[in-house]
Amino acid sequence: MRITTWNVNSIKQRVGHLLAFLDEAKPDVVCLQELKCQDDAFPRAEVEGAGYAVETLGQKAYNGVALLVRAPLAVSEVRRGLPGDPEDEQARYIEGLVAGEGVAPVRVASIYLPNGNPVASAKYPYKLAFLERLRRHARRLMEAETALVLAGDYNVIPEPEDAADPAAWTSDALFLPQSRAAFRTLLAEGLTDGLRACDPRPGLYTFWDYQAGCWPRNLGIRIDHLLLSPQAADRLVSASVQKHLRGLDKPSDHVPVTVELSDG
DNA sequence: ATGACATGGATCCCATGA
């Protein structure tokens with residue numbers, strides 16, 4: 001089972017790239033972030049036409065997440081929204097149980113963690129609180145011992161080697177010690193960073209800013225992650241970054257990241 | 001010298017992002 005996470009930065013702008021990617025890579029599950037549209041504006045017919053079931057949690061203009069599941073696999077037990085704050089109106093979390101004939105089930109979440117900048121604003125405590133809510137929810141899900149993959153745009157640079165120029169990020173919400181500590185605390189629940197487990201090399205990035213020639217100069221950061229529970233990590237076969245999509249016309253500033261799990 | 005931002009909403013600039 002191949003599971004991909006991709007922040008598309010507007011699904012309406014990126015539907016062509018998405019359909020081409022589905023056709024070329026044939027991932028079994030795709031976790032999308034930053035749809036930037038409401039549910040009724042999602043290009044459902046096109047994606048279903050490519051062979052995928054579609055579950056969305058949209059929002060006007062900002063945020064928005066989705067799960068795509070390729071037949072013959074099916075998705076059930078869909079949960080919209082991260083537990084722990086009934087006041088939270090932002091569309092940043094969707095989860096479902098993916099299963100099929102001859103495949104051990106995997107619970108998959110598509111997560112769009114808050115950016116958290118500016119650090120002096122309420123956005124930063126919201127980010128830290130969201131990470132803590134995610135930790136608590138992950139702990140609860142892991143108690144069932146079903147394979148679990150928490151995939152998405154975490155907006156956290158875990159280590160200095162995950163940025164081409166770490167010094168440029170020292171006071172940014174993506175790389176502040178508190179942000180990195182909260183991410184490590186989440187990992188300490190027993191989660192494995194799927195990409196890092198497969199590829200220890202520095203210089204592995206998933207995001208390049210549109211500005212200042214970051215892409216041609218390869219000034220990237222690694223902020224899109226797939227975190228695997230022990231049952232999922234036991235099935236980890238490979239992980240990769242689909243970097244070429246950043247070089248297309250009108251790209252997202254993020255590229256897809258994919259893990260492959262064995263069937264059982 | 002390099003290379004110089006994108007998206008959506010309601011404008012004719014702003015909020016947001018990372």
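Residues numbered from 1 in each chain as written. Chains lettered and ligands numbered in written order. Predicted model: local features only at pLDDT ≥ 70, side-chain atom pairs only at ≥ 80, totals over all residues. Heavy atoms only, no water.

An unreviewed UniProt entry annotates chain A as Exodeoxyribonuclease III originating from Methylobacterium oxalidis. Under the UniProt heading Sequence similarities (unreviewed entry), the note attached to chain A is "Belongs to the DNA repair enzymes AP/ExoA family." (UniProt positions renumbered as here; feature names shortened; annotations may be inferred.)

Participant: Explain the nonpolar core to me, and be specific about the residues and the numbers.
Facilitator: Core analysis: the largest hydrophobic core is formed by 29 residues, its most contacted members being I3 and V149. Of all the elements in the fold, those that place two or more residues in this core are β2 (29–33), β4 (65–70), β6 (93–100), β7 (103–112), β8 (147–153), β12 (224–228) and β14 (257–261). By residue number, the principal contributor to this core is β7, which donates 4 residues. Apart from the residues lying within four places of it in its own chain, the contact partners of I3 are V29, V106, V108, V149, L226, V257, T258, V259 and L261. Core analysis: the second largest hydrophobic core is formed by 25 residues, I111, L113, A138 and L150 among them. (Core = buried A, V, L, I, M, F, W, Y, C linked by side-chain atoms within 4.5 Å. Buried < 20%, exposed > 50% of the residue type's maximum accessible area, 1.4 Å probe, protein only. Helix = DSSP H or I, 4+ residues; strand = E, 2+ residues; numbered from the N terminus. Contact = heavy atoms within 4.5 Å.)

Participant: Which residues make up helix α4 (residues 177–187), and what are the values?
Facilitator: S179, R180, A182, F183 and L186 are the residues of α4 that are buried. Taken around the axis of α4, the buried residues stretch over an arc of 160°, which confines them to a single face. Along α4, the residues that are exposed and aim more than 90 degrees away from the buried face are P177 and Q178. Residues of α4 that are buried in the fold lie against α3 (123–142) and β12. (Arc of directions from axis to C-beta.)

Participant: Describe the sheet that holds β8, with residues and values.
Facilitator: With respect to topology, 6 strands assemble into an open sheet ordered β5-β6-β7-β8-β12-β9, the strand pairing being mixed. Either end of the sheet is taken by a strand with one partner, and the two such strands are β5 (74–80) and β9 (192–193). Across 5 bridges, the pairing between β8 and β12 is antiparallel. By the bridge assignment for β12, A151 is matched with L226. Of the strands in this sheet, β5, β6, β7 and β8 touch α3, which is tilted by about 25° from β6. (Pairing = 2+ DSSP bridges. Axes fitted to C-alpha atoms, helices over the stretch in contact; angles between N-to-C directions.)

Participant: Talk me through the packing of aromatic side chains; I want residue IDs and the actual numbers.
Facilitator: Given two aromatic rings, their pairing is described by the distance between the two centres and the angle made by the two planes. Within the structure shown, the criterion is met by 5 aromatic pairs. For the ring pair Y126 and F130, a centre distance of 6.2 Å and an interplane angle of 65° mean the geometry is edge-to-face. Remark: F130 and Y126 occur in helix α3; sequence separation between them is 4 residues, near one turn of the helix. Judged by its relative accessible area of 18%, Y126 is buried. Considering the side-chain rings of W208 and W215, the 4.9 Å spacing of their centres and the 85° angle between planes classify their relative orientation as edge-to-face. (Phe/Tyr/Trp six-rings, centres within 6.5 Å; stacked < 30°, edge-to-face > 60°.)

Participant: Report on unusual backbone geometry, specifying residues and quantitative values.
Facilitator: Following A71, the chain continues into P72 via a peptide bond in cis, with omega recorded as 10°. Following N117, the chain continues into P118 via a peptide bond in cis, with omega recorded as -5°. Turning to its location among the elements, P118 is positioned in the loop between β7 and α3. With a phi angle near 60°, K36 is a residue other than glycine that sits in the positive phi range. Judged by relative accessible area, K36 falls into the partly exposed class, the value being 31%. In this structure, E77 is a non-glycine residue whose phi angle is positive, near 50°. Its location among the elements puts E77 in strand β5.

Participant: So, the side chain of S110: which residues are in play, and what are the values?
Facilitator: Locating S110 in the fold gives a position in strand β7. The class of S110 is buried, set by a relative accessible area of 0%. A distance of 2.9 Å separates a polar atom in the side chain of S110 from the backbone oxygen of L32. Reaching out from S110, the side chain makes a polar contact with the backbone oxygen of A66 at a distance of 3.4 Å. If near-sequence neighbours (up to four positions away) are discounted, S110 is found in contact with C31, L32, Q33, V65, A66, L67, R92, Y93, I94 and A151. (Polar contact = N/O pair within 3.5 Å; in protein donor to acceptor, adjacent residues only side chain to side chain.)

Participant: I'd like to hear about the UniProt feature "active site" (unreviewed entry) in chain A, residue by residue, with values.
Facilitator: Sequence positions flagged by UniProt for "active site" (unreviewed entry) are, in local numbering, Y112, D153 and H254. In summary, the annotated positions, though distributed over 143 residues, converge in three dimensions, the widest C-alpha pair being only 12.4 Å. Within the secondary structure, Y112 is located in strand β7. With residues up to four places along the chain from it excluded, the contact list for Y112 reads N7, Q33, E34, N63, V65, R92, D153 and N155. A polar contact is formed between the side chain of Y112 and the side chain of E34, at a distance of 3.4 Å. Once you skip the residues sitting within four places of it in the chain, H254 turns out to touch W6, N7, D153, T206, F207, I223 and D224. At a separation of 3.4 Å, a polar atom in the side chain of H254 contacts the side chain of N7.

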